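# Observations on chain architecture
As a plain string of letters, each chain reads:
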Amino acid sequence: ETEEKVDVLVIGAGPSGTVAAAILHKNGFNVKIVEKQKFPRFVIGESLLPRSMYNFDKAGFIDTIEKAGFQKKYGAKFADKYEVCDFDFSSQFSDGWTWTWQVKRDRFDHILAEEVIKRGIALDYESEVTAVRFNEDGSSVTQVKKENHTSNIHARYIVDSSGYGRVLPRLLDLNEPSKLPERSSFFCHVKPKEVTSDKERMRIIIIVYTCDIWGWVIPFADGTSSIGIVGSPDGVHRYKGTKEEQMRKWIAEIPALQERFTDCEMVFEPRTITGYSSEVKKLYGNGYVLTGNALGFVDPIFSSGVTLATESGALAAELVTDQLDGKAVDWEKDYSEYIISGVDVFKTFVNAWYSGDLQKIFFSESPNEKIKQQICSVLAGYVWDNKNPFVKKHDRALSNLAKIVSS
Ligand code: FAD
């Protein structure tokens, strides 16, 4: 066993953890990240939103990501059998970044992890947090296992960015069942027979299959694409056969996939994640804060995951800085309420999607340009812009609009 002492321990080296660590390091703290897996490692969550660029910028990551040559994302299309509704982030209501990237997360997360190491942050891969003990003053001792070795990390503060691992929610019994119905996702990366870099073809598409089953296409710079099917578990897994056979049936079933991906090569065997929506009882406690997926996940439909992960990672880092500098921090108001208010806007949009209201709005005959721009800003991740009625009055604005367009 070894003993180690740091100011802040960050659990997990996904985007939430590396953004938090980079900001804390910049603010002068001795930070350590422990990461369970060896990088590069696969994780789903490939379509970013423009709002996340603020957080990558605060962490000083923009140049590093830019140099890696990821596919730029300028908008997204929603399509049903008959109509296409294209959202272009350059035509939106809120001020701010109007583009972002669509990325393979194994490489993306690895680049950010190596960048923080380059800056002098200690990052231990293949190191798993197995136990945590808190002292009354909020300081803690975390047990980390790497192969047969155990280290005890003494920290003044813990930022839990462990994603689907949800380390502190598990150890401190903070998990809450999600109020959203259980849904399933089935996805893989594919290489089409015909590789194209046509601008139109590089646009992300969300395809409506039925009201509660939809698919995604996320093209990458290297010519491969991520494709996925999401919806009720029975609906998504309706086909028999091997995973590859099931995915080929989905490709044959949905014209927008069939046209591009018939006879494609599958880069890996299709995978499934079910029951990914999650919540916690509280987002912080004495000596710790939860960020990113460790504090919850809503739904993949609007690609909100990495944006919420980086927003919470960046904000947590600034508040931990204040706290360790001896300033008073109102965690309830400045962290919890802020993050939950953004999550709630996405939740309203997610519920409106699966109820069919949003689809009615997206595919209505004469969309109002101003309203479209306001909705576009939410889809770009600007869910804290209270000047936008679809943020400020999100619960009523969408259902009222759905009634108007269907009357
Ligand atoms: P992660 O990226 O999951 O990183 C957490 C890290 O913690 C991991 O590397 C893990 O190994 C490590 N860890 C876990 N346990 C331990 C432990 N005990 N000790 C040490 N380390 C540990 N989001 C988007 O933005 N866009 C999308 O298009 C999108 N699509 C999605 C599609 C589906 C089907 C699903 C289910 C999710 C999707 N998401 C999407 C959400 C996205 O996957 C997550 O929101 C995002 O990865 C969260 O980032 P994070 O940094 O919080 O966690």
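### As for the nonpolar core
- With 114 residues, the main nonpolar core has Phe 56, Phe 78, Phe 302, Phe 349, Trp 353 and Phe 362 as its most contacted residues.
- Top contributing element to this core by residue count: helix H10 (residues 331-355), with eleven residues.
- Split by domain, the residues of this core number at least three in each of domain 1 (2-71 + 100-177 + 277-342) and domain 2 (184-274).
- If we ignore the near neighbours within four places in the chain, the residues touching Trp 353 are Phe 78, Ile 206, Val 208, Cys 211, Trp 214, Ile 301, Phe 302, Leu 358, Gln 359 and Phe 362.

### Quick notes on the layout of surface pockets
- Of the volumes computed, that of the largest pocket is approximately 930 Å³.
- Lining the largest pocket are 49 residues; nearest its centre among them are Val 43, Ile 44, Arg 105, Tyr 164 and Asn 293.
- Mapped by element, the contributors of at least two residues to the lining of the largest pocket are helix H1 (15-26), strand E8 (128-134), helix H5 (167-171), strand E12 (184-191), strand E13 (204-210), strand E14 (213-219) and helix H9 (305-324).
- Its residues assigned to classes, the lining of the largest pocket comprises 24 nonpolar, 18 polar and seven charged.
- Here the lining of the largest pocket gathers at least three residues from each of two domains, domain 1 (2-71 + 100-177 + 277-342) and domain 2 (184-274).
- Reported here for the second largest pocket is a volume of approximately 280 Å³.
- Glu 279, Val 280, Leu 295, Ile 340 and Lys 347 are, among the 21 residues lining the second largest pocket, the residues nearest its centre.

### A word on the domain arrangement of the chain
- When cut into domains, the chain gives domain 1 (2-71 + 100-177 + 277-342) and domain 2 (184-274).
- If you look at the interface, domain 1 gives 13 residues, while domain 2 gives 18 residues.
- Between domain 1 and domain 2, the buried area comes to about 1300 Å², and carbon and sulfur atoms account for 69% of it.
- Taken as a group, Phe 42, Gln 102 and Lys 104 account for 40% of the area that domain 1 buries against domain 2, more than any other trio of residues on that side.
- On inspection of domain 1 and its partner domain 2, the count reaches one salt bridge.
- A salt bridge links Lys 104 to Asp 222; its shortest N-O distance comes to 2.6 Å.
- Between domain 1 and domain 2 we count six residue pairs in polar contact (both at pLDDT 80 or more) in total.

### What to know about the packing of H9 against H10
- Following both chains from N to C, one finds H9 and H10 inclined at 175°, their axes separated by 11 Å at the closest point. Between H9 and H10, the angle is such that the two are roughly antiparallel. Side by side, H9 and H10 meet where Leu 308, Glu 311, Ser 312, Leu 315, Ala 316, Leu 319, Val 320 and Gln 323 of the first sit next to Trp 331, Asp 334, Tyr 335, Tyr 338, Ile 339, Val 343 and Phe 346 of the second.
- Residue composition of the contact of H9 with H10, by class: eleven nonpolar, two polar and two charged.

Cut-offs and rules
Residues numbered from 1 in each chain as written. Predicted model: local features only at pLDDT ≥ 70, side-chain atom pairs only at ≥ 80, totals over all residues. Heavy atoms only, no water. Core = buried A, V, L, I, M, F, W, Y, C linked by side-chain atoms within 4.5 Å. Buried < 20%, exposed > 50% of the residue type's maximum accessible area, 1.4 Å probe, protein only. Helix = DSSP H or I, 4+ residues; strand = E, 2+ residues; numbered from the N terminus. Domains from an automatic or database assignment. Contact = heavy atoms within 4.5 Å. 1 Å grid on protein atoms, 1.4 Å probe; cavity = no way out; pocket = protein on both sides within 12 Å on 5 of 7 lines; lining within 4 Å. Points joined across faces, edges and corners; volume = space filled by probe spheres on them. Nonpolar A, V, L, I, M, F, W, Y, C, P; charged D, E, K, R; others polar. Buried area = accessible area lost by both parts, 1.4 Å probe. Salt bridge = Lys/Arg side-chain N within 4 Å of Asp/Glu carboxyl O. Polar contact = N/O pair within 3.5 Å; in protein donor to acceptor, adjacent residues only side chain to side chain. Axes fitted to C-alpha atoms, helices over the stretch in contact; angles between N-to-C directions. Parallel < 35°, antiparallel > 145°, perpendicular 65-115°, else oblique.

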